Amino acid sequence: EVVVAADVLEDIVELDGQARTILKDQYSPLFYEKNKEALIVKMEAGPEIRFNCNIEVGEQVSRLDLLLKESTVKDNYDNLNYIDLRFGEKVYYK
């Protein structure tokens, strides 16, 4: 029985590699959760990150990189609850 589809697993591997490049030590995933069209990364510390499975991983990671360069996000990264990249060019965080 297939637990995870091959394309989802490929996206997770690609996402993990690119996110580690950008976030470095701040990227400490506990697990990945797939819900319909969303891939949610639950972190050991810091915010959970929500990705859209229908948008290219590289595009979403680029938006994450731009967001993390903003001082309000960069300085408060560990205090954020989530970063949501599921809605095209809009990025939400709390």
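Q: Describe the environment of F51, listing the residues and the values that go with them.
A: Inspection of the secondary structure puts F51 in strand β3 (residues 48–52). Classification of F51 as buried rests on a relative accessible area of 3%. Each C-alpha atom, one on F51 and one on L15, is 9.3 Å from the other, the two residues being 36 residues apart in sequence. Excluding residues that lie within four positions of it along the chain, F51 makes contacts with L15, E37, A38, L39, V41, Q60, V61, L64, L85 and R86.

Q: Go over the pattern of salt bridges with me, naming the residues and quoting the values.
A: Pairs can form between side chains of opposite charge once their charged atoms are near each other. Throughout the structure, instances matching the rule amount to seven salt bridges. One salt bridge connects D16 with R20, and the closest N-O pair in it is separated by 2.9 Å. One end of the pair is D16 and the other is R20, both in helix α1 (residues 6–23) and four residues apart, which spans about a single turn. R63 is the partner of E59 in a salt bridge, and the nearest nitrogen-oxygen pair spans 3.0 Å. Residue E59 and its partner R63 are both found in helix α2 (residues 57–68); the two are separated by four residues, about one turn of the helix. Using a relative accessible area of 11% as the deciding quantity, one classes R63 as buried.

Q: Tell me about the packing of α1 against α2, residues and numbers included.
A: Contact geometry for α1 and α2: axes closest at 10 Å, N-to-C directions at 25°. Relative to α2, the element α1 lies roughly parallel. Between α1 and α2 lies a crossing whose hand is right-handed. Along its contact with α1, which presents D11, E14, L15, Q18, A19, I22 and L23, the element α2 presents V57, G58, V61, L64, D65 and L68. In terms of residue class, the contact of α1 with α2 is made up of eight nonpolar, two polar and three charged.

Q: Go over α1, please, and point to the residues and values.
A: Its 18 residues place the ends of α1 25 Å apart at the C-alpha level, agreeing with the 26 Å of an ideal helix rising 1.5 Å per residue. Taken as a whole, α1 has its buried residues at V8, I12, L15, D16, A19 and L23. Angular distribution of buried residues about the axis of α1 spans 105°; they occupy a single face of the element. Those residues of α1 that are exposed and aimed more than 90 degrees away from the buried face are A6, E10, V13 and T21. If you follow the buried residues of α1, they end up packed against β1 (29–35), β2 (38–43), β3 and α2. Of the residues one or two after α1, K24 is the one with positive phi, at around 50°.

The rules behind the values
Residues numbered from 1 in each chain as written. Predicted model: local features only at pLDDT ≥ 70, side-chain atom pairs only at ≥ 80, totals over all residues. Heavy atoms only, no water. Helix = DSSP H or I, 4+ residues; strand = E, 2+ residues; numbered from the N terminus. Buried < 20%, exposed > 50% of the residue type's maximum accessible area, 1.4 Å probe, protein only. Contact = heavy atoms within 4.5 Å. Salt bridge = Lys/Arg side-chain N within 4 Å of Asp/Glu carboxyl O. Axes fitted to C-alpha atoms, helices over the stretch in contact; angles between N-to-C directions. Parallel < 35°, antiparallel > 145°, perpendicular 65-115°, else oblique. Left-handed = near helix turned anticlockwise from the far one by under 90°. Nonpolar A, V, L, I, M, F, W, Y, C, P; charged D, E, K, R; others polar. Expected span 1.5 Å × (residues − 1). Arc of directions from axis to C-beta.

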